[in-house]
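Listed below are the residues making up each chain.
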Amino acid sequence: MKRILFQLFAIAFCLNTSAQSLNLSQSLPEDQSIRKGVLSNGMTYYLHSTDVTKDVASYYIIQNVGSILENDNQQGLAHFLEHMAFNGTKAFPGKGILETLQKEGIVFGKDINAYTSFDETVYNVDNVPTRPELIETGLQILHDWSNYLLLTEEEIDAERGVIKEEWRTRQNGGMRILQKNIGAMVNNSKYANRLPIGLMDIVENFEYKALRDFYHDWYRTDLQAIAVIGDFDIDEMETKIKAKFSSIPAVKDGPERFSVKIDDNEDMIYAIAMDKEVATSNISFSIRHPKSLENETIGDLKENLLNNMVNSILSTRFQEISQQPNAPFMGVRAGYSDDGFARNHKSFALGVYPKPNMQQEAFKLAITEVNRAVKFGFTNAEINRVKAEFGNYYENQISKLDDRSHRAIVRTIQKNYLKNASMKDVKAEYELVKIFFSQLTQADLLVQIKKMYTQKNRSLIVTGVDGNNNLTKADALAIIKAAENDTTLKPYEEEEEAKELMSGVTLTSGKIVSEVKNQVIGSTEFTLSNGVKVHYKFVNKNKNKVSLQAISDGGMSLVSNEDLPSANLLGQVIEMSGLGEFSATELPKVLAGKTARASTRINGITESVSGSSSTKDVKTMLQLVNLRFTKPRFDKDGYNVFMQNVDNFLIRKSKQVSSKMNDSITTILYGKNHPKERLFDKNYVSEASFDKMKSIYKTRFANVADFTFFIIGDVSKEDLKPLLENYIASIPANDIKENWKDTSSSWINKTTDKDVYLEMEDPKTSVRLSVKNDMEYSLKNMYLMRTLGDILQLRYTESLREQEGGTYGASSRGSLSKEPKEQARLSVSFDCNPDLAEKLISIVHNEMEAIKNGTIQQKDLDKTLANYLKEREESQNYNGYEMSLLMNYVLEGYNMNDPKNFEDIIKSITATDIQRVMGTLLKDAESYEIVFKPKK
């Protein structure tokens, strides 16, 4: 407490001190809600108590170990070791960790996971209930991950195939381009040969001792941190950690944990790579800088603030250019940030995405705009706008401090442990930022971008396209030289006139004509004078957050077949058109410093409006909703830009194996000339029209009274009511009500079994299987179908992945739709080794038949149902649950809070129910099995 009071005093003192007299070398105030300590064996621990999700805690172990530490004959072993952590520890042999956690409803992949990078490996077990025995389980898992992996020969050999299939699944054109270019990206440092997936020759053939040696060399307490975040007493948790983890022996005389520095280069490094499955280009220009890993200071905070301001303004400038039809690129990413490879480097990076065959023009414009900023800096209007945006960001963060997710908190912890980043007190940070803002000049930002744009350590990486005029090194050097010496460049200019969002709009406010309290779920129904019904509930589970949904029947089902191309592309065109009086480039400037959005969407049988805002900006959100109805904007330039982007997408799609698969499925199931189920190709796009889009939008959103509105969040009823009268009740309406039509499409064949052969650079087999059948809709049947899909997911993980080592993972999903048809569907998909495909497909069918015949493992059912109950309980901690509660009560006629509509159903599900629903699904069902194989 004394330390906190001292920091608050220091902050107050700073506010009365000029920026010039701040001690920039002073350490940053730290977040006192995160407790950090170091045990006698060198292990670091972090604790944070929060009830953002009640009665659960998340457990993490952060290993300062990654693929960069591998020897040449160990490439892939850091990642392999990550997998082995789930395949047997001293306290949890075999699949003991997964078995123990899954029976508590904790799901592998979602709640239980890990990743390996160049410099770290991080494991997580999220949202474990805080019952005493499960707290002990969570800590025991971290304890075993630290030093007690079994690494048995049987489990190592079983995992080789899984990792080979992970490699196969991830291996595509983009990955092959990376493998060709990575040497130039890292100046041929060790990073070039340490992609975490490793080399498959090593993965398939390494000796057991090699993995065990890597483990004992590097998984040690002085390179480990554990973090526990959740709803617990922090003092009690610290006591448990000290008792449990202090006894783990420290490794004496272990190898030095070295860092790899990328060597400087005086001349620009250049590389280009092409791939048969990559049909569009991109250009990456970067300038590498050293990054200090020393303790962060107030001066570092100022430096980072200025860098982020530069990034934001550059991004806005490039966004504006990309929205011009004659721009040679679709987009540009520009900014100064941590290097993507080495933790002791940062880089200024320019990522350019040219339009077809415009690489030189795109790079020239991008590098010219960077040099415009380097020479002239930024306007006062730009600086003031970004100050407003950053101020709004900090205010939102401060208002939601108690709502930070476990994962958000652990990201802060990871950066502290791995990169020595400060765990900043955001309130104190914002006070310092306000001081910096008060003294900020245009010259400060000009100096900052000049620091970024230096002559040394440059690289240019090109993804080229065979047959195109690709950007050469000579081209690039000439373009850069011309831009840097261009005496005709002029400063960036823009209008500084402030405008209001509702400019040009004459409002005639309406009234709330009735207000009815719903005692069952605690909501209020407002009926407005224009006929709109608004269902509202005050919810502050997530602070400073308000959400809006408005929904109306109709959607695509009321659009003619010939207008479907226009309707399907409409949403993006609307987003790129702006709103009201403002273009897509002007609107963000009007909204600077506000947190509010509203967008529209046309779905299969509905159209909808979605909105969200902070509490202070509810008015702005409702103004945006008003404009979506009263003054939508249709910008021809925005349309033209979007259609150019679509053309580029079609070029990219033409070479992608995954796109060829999806197109093949559509054609096989619906034929080549189906009026609704069509390929997204040039013919389809050519039938879209700007005028049709305008007409469709105005028709679908013609009558606000045909929409039912739902608003939940941290806004009081008394504050909301006048806003509803001003901005929703004022929208003109009529008495026309629409209903959706059933225009669903049928497969041309009841049963399809087809092999499709495709050319592939890296051969793999992809299996797509689906079964559908009519089924009466009920909440129980809906949960039965979901349970069926999830049980099969567990079975396929065990049989296809763990037992056979034939796939990285199979996806299984069961569902039951209510509208437009009451129809059940089960879908299974996976990639695999071509040599094992037929065996794995047979296993897929055998697992389904086993369930049909009543062979259901009770433990799989128990795991699945436990997860549903756990997820529901956790979801009730968040505003999103309340929105679902409100919408289901009004639109579907049932109360989610009533146990008979969830808990009673889940607890009543038996193995016999699952057998029955599988039998119903498979009886006289429609199905397809489409298998994609490499063309020989």
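Look a little higher up for the structure.
Residues numbered from 1 in each chain as written. Predicted model: local features only at pLDDT ≥ 70, side-chain atom pairs only at ≥ 80, totals over all residues. Heavy atoms only, no water.

Participant: How should the pattern of salt bridges be read in this particular structure?
Facilitator: As a working rule, side chains carrying opposite charge can pair if their charged atoms are close by. According to the stated counting rule, one finds 70 salt bridges in the structure shown. For Glu133, the salt bridge is made with Arg131, and the minimal N-O distance between the two is 2.9 Å. For Glu874, the salt bridge goes to Lys870, with nearest N and O atoms at 2.6 Å. With Glu874 and Lys870 both in helix H27 (residues 858–875), this residue pair falls 4 residues apart, about one helical turn. By relative accessible area, which is 9% here, Lys870 ends up buried. (Salt bridge = Lys/Arg side-chain N within 4 Å of Asp/Glu carboxyl O. Helix = DSSP H or I, 4+ residues; strand = E, 2+ residues; numbered from the N terminus. Buried < 20%, exposed > 50% of the residue type's maximum accessible area, 1.4 Å probe, protein only.)

Participant: Is there a simple way to think about the sheet that holds strand S2 (residues 44–49) in this case?
Facilitator: Strand pairing in a sheet is mediated by backbone hydrogen bonds. Such pairs are either parallel or antiparallel. Taken together, the 6 strands give an open sheet; going across it, the order is S1-S2-S6-S3-S5-S4, and neighbouring strands pair in mixed fashion. Every interior strand has two partners, whereas the edge strands, strand S1 (34–38) and strand S4 (112–116), have only one. Taken pair by pair, the neighbouring strands of this sheet meet at an average axis angle of 15°, ignoring direction. Of the strand pairs in this sheet, S4 and strand S5 (residues 121–129) are connected by 5 bridges, and their pairing is antiparallel. The partner of Asn113 across the bridge, within S5, is Asn124. Sitting on the sheet, helix H4 (residues 132–147) is in contact with strand S3 (56–63), S5 and strand S6 (224–230), with an inclination near 5° to S3. Taken strand by strand, helix H9 (residues 234–245) contacts S1, S2, S3 and S6, and its axis lies near 155° from that of S2. (Pairing = 2+ DSSP bridges. Axes fitted to C-alpha atoms, helices over the stretch in contact; angles between N-to-C directions. Contact = heavy atoms within 4.5 Å.)

Participant: I would appreciate a short explanation of the packing of helix H2 (residues 77–84) against helix H5 (residues 153–170) in the present structure.
Facilitator: The description of two helices packed together rests on the angle between their axes and the distance between the axes. Two elements in contact, H2 and H5, have axes separated by 10 Å at closest approach and are oriented at 115°. Here the hand of the crossing between H2 and H5 comes out right-handed. Mapping the contact onto sequence places His79, Phe80, His83 and Met84 in H2 and Glu155, Ile156, Glu159, Arg160, Val162, Ile163 and Glu166 in H5. Its residues assigned to classes, the contact of H2 with H5 shows 5 nonpolar, 2 polar and 4 charged. (Left-handed = near helix turned anticlockwise from the far one by under 90°. Nonpolar A, V, L, I, M, F, W, Y, C, P; charged D, E, K, R; others polar.)

Participant: Can you help me understand the sheet that holds strand S9 (residues 329–338) in this one?
Facilitator: Sheet architecture is open: 5 strands sit in the order S7-S11-S8-S10-S9, paired in mixed fashion. Strands at the two margins of the open sheet, each flanked by one partner only, are strand S7 (269–273) and S9. Strand-to-strand twist of the sheet, defined as the mean angle between neighbouring strand axes without regard to direction, takes the value 10°. As paired strands, S9 and strand S10 (residues 345–354) are joined by 9 bridges and run antiparallel to one another. Counted as the bridge partner of Ser337 is Ser347 from S10. Sitting on the sheet, helix H6 (residues 173–185) touches S7 and strand S11 (458–463), and the angle it makes with S7 is about 175°.

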